[in-house]
Amino acid sequence: MGLYLCVFDESGEDVCGVEVGLYKYFAEFRQKVAVFVDNNRFTNKMSTLLQHPDCDGSWSVSDCKLLINELTEIKEVFQQEPPLKEIQNLKEDIFKFFGITPQNLFECFVDTNCEFLIDRLLGLCDCAIIENHPIMFQ
């Protein structure tokens, strides 16, 4: 089963969303962030990202504003880190299909369309803020 993060409008229509992939993959992303938090690689404790259950609920609009700051810092740090084979292996089929080889840790995390996950999450946060609706975990 996969994780889909989305923003719905007032009528319940899906305005924007991100097909993350397997819950395990999102858990690996959060786990890698937690390792960097534990090693004091971030100025932020990434609590909005790390303290939310990954299978249910939502990020409120105010959470999204905090999440943008967290994701921006994660992106900056992960772009400076080498790619990790164990993370690449989780999406190996997608990387092969699109003919992409990640050049850093940031590029190892992609959605099901092989778009960079952190950038997609940043865009989803922007959408949630503009629409004034939460990001729902589906």
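Position numbers for residues start from 1 in each chain and track the written sequence from start to end. Local features in this predicted model are restricted to residues of pLDDT 70 or higher, and side-chain atom pairs are both shown and tallied only at a pLDDT of 80 or more, whereas totals for entire chains, interfaces and linings draw on every residue. Values shown for side chains rest on all heavy atoms present in the structure; no hydrogens or waters enter the calculation.

### So, the environment of Arg41
And then number 1: A run of DSSP states H or I qualifies as a helix once it reaches four residues; a run of E qualifies as a strand once it reaches two. Both are numbered from the N-terminal end. The residue Arg41 is located in the loop between helix H1 (23-38) and helix H2 (47-50) in this model.
And then number 2: We classify Arg41 as partly exposed; its relative accessible area is 40%.
And then number 3: Sequence separation between Arg41 and Ile74 is 33 residues; the distance between their C-alpha atoms is 9.3 Å.
And then number 4: What makes two residues a contact is simply this: any of their non-hydrogen atoms within 4.5 Å. In this structure, Arg41 is in contact with Phe36, Glu73, Val77 and Glu81, ignoring residues within four places of it in sequence.
And then number 5: In terms of polar contacts, Arg41 uses its side chain to reach the side chain of Glu81, at 2.6 Å. To sort residues, take the accessible area from a 1.4 Å probe on protein chains only and compare it with the maximum for the residue type: under 20% means buried, over 50% means exposed, and anything in between is partly exposed. Polar contact is the term for a pair of N or O atoms within 3.5 Å; when the atoms are in protein, one must be able to donate a hydrogen and the other to accept it, and sequence-neighboring residues count only if both atoms are side-chain atoms.

### What to know about the sheet that holds strand E1 (residues 2-8)
And then number 1: On the basis of which strands lie adjacent, the open sheet formed by four strands has the order E2-E1-E4-E3 and antiparallel pairing. With partners counted over all chains shown, the strands left at the sheet margins are strand E2 (14-22) and strand E3 (58-59), one partner each.
And then number 2: Sheet topology places E1 next to strand E4 (residues 135-137); three bridges connect them, and they run antiparallel. Pairing of Val7 across the sheet is with Ile135, part of E4. Only strands joined by at least two bridges in the DSSP assignment are considered to pair.

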